[in-house]
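The residues making up each chain are set out below.
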Amino acid sequence: AQSVTQLGSHVSVSEGALVLLRCNYSSSVPPYLFWYVQYPNQGLQLLLKYTSAATLVKGINGFEAEFKKSETSFHLTKPSAHMSDAAEYFCAVSGRQAGTALIFGKGTTLSVSS
Amino acid sequence: EAQVTQNPRYLITVTGKKLTVTCSQNMNHEYMSWYRQDPGLGLRQIYYSMNVEVTDKGDVPEGYKVSRKEKRNFPLILESPSPNQTSLYFCASRDHLGAGANVLTFGAGSRLTVL
């Protein structure tokens, strides 16, 4: 069985500050891990994914995430927040077999103030 | 442009009036899925389809039906909508095999209100 826990339903930062969105996973098999972003009134789009190559994964818009097996974590970071980063972020996990179900966390809303 | 298209984007209806939300993808994906998104609950899978004529229940299938007669289309049917089905619905698709496996492409969403 697999599950994802996103710590903090809301995170607020100032423009230019570090963004840290937390995700912990549980999986009985080696996982694939994903971060998706949802901008207001839009569908979800893929930010980045971990598929067992490098543990530090770089995504779009300056975001990156590090897979830490010992901590079962896949936290999302960005060194300097921009107003346009305000959105809802979802962490997701799946098994490595092609076509297995994608399990989503409950989401974290990021607010960025000027 | 590769995309998943849902219609309608917004719909207000009344209890018991059957409705269908259409979903179409142009990427020749085998796998398609429907999710509902509710505040504080994230995305929950309603139904999914591994290929034409192959569908299966997700986590919250009650009150919904689907069909997959063609590879590109995967409509979501609410035979008798109730207020607890007021939600934001997303259709998604992905490759079943290969490098794109497990990466979902989402539609823009359909916001449904049942009065």
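Refer to the structure presented above.
Residues numbered from 1 in each chain as written. Chains lettered and ligands numbered in written order. Predicted model: local features only at pLDDT ≥ 70, side-chain atom pairs only at ≥ 80, totals over all residues. Heavy atoms only, no water.

**Description of the overall build of chain B**
Part 1: Regarding its fold elements, chain B presents 0 helices and 11 strands.
Part 2: Listing the helices and strands of chain B from first to last along the sequence gives β-β-β-β-β-β-β-β-β-β-β.
Part 3: For chain B, whose C-alpha radius of gyration is 13 Å, the value lies close to the compact-globule estimate of 13 Å for 115 residues.
Part 4: By principal-axis analysis of the C-alpha atoms, chain B measures approximately 45 × 30 × 25 Å.
Part 5: Relative to its full complement of 115 residues, chain B shows a buried share of 49%.
Part 6: Summarising the internal contacts of chain B: among those between residues at least 6 apart in sequence, 53% fall at separations of at least 24.
Part 7: Accessible surface for chain B amounts to roughly 5,400 Å². Of this, 52% is attributable to carbon and sulfur atoms. (Helix = DSSP H or I, 4+ residues; strand = E, 2+ residues; numbered from the N terminus. Rg over C-alpha atoms; globule rule 2.2 N^0.38 Å. Buried < 20%, exposed > 50% of the residue type's maximum accessible area, 1.4 Å probe, protein only. Contact = heavy atoms within 4.5 Å. Areas by Shrake-Rupley, 256 points an atom, 1.4 Å probe, with all protein chains shown as cover.)

**Description of the sheet that holds strand S7 (residues 65–66) of chain B**
All names here are of chain B.
Part 1: The strand order across the open sheet formed by 4 strands is S1-S3-S8-S7, and the pairing between neighbours is antiparallel. Only two strands of the sheet have a single neighbouring strand rather than two, namely strand S1 (4–7) and S7.
Part 2: Where S1 lies against strand S3 (residues 19–25), 4 bridges are found, and the strand directions are antiparallel. Paired with threonine 5 across the two strands is serine 24, which belongs to S3. (Pairing = 2+ DSSP bridges.)

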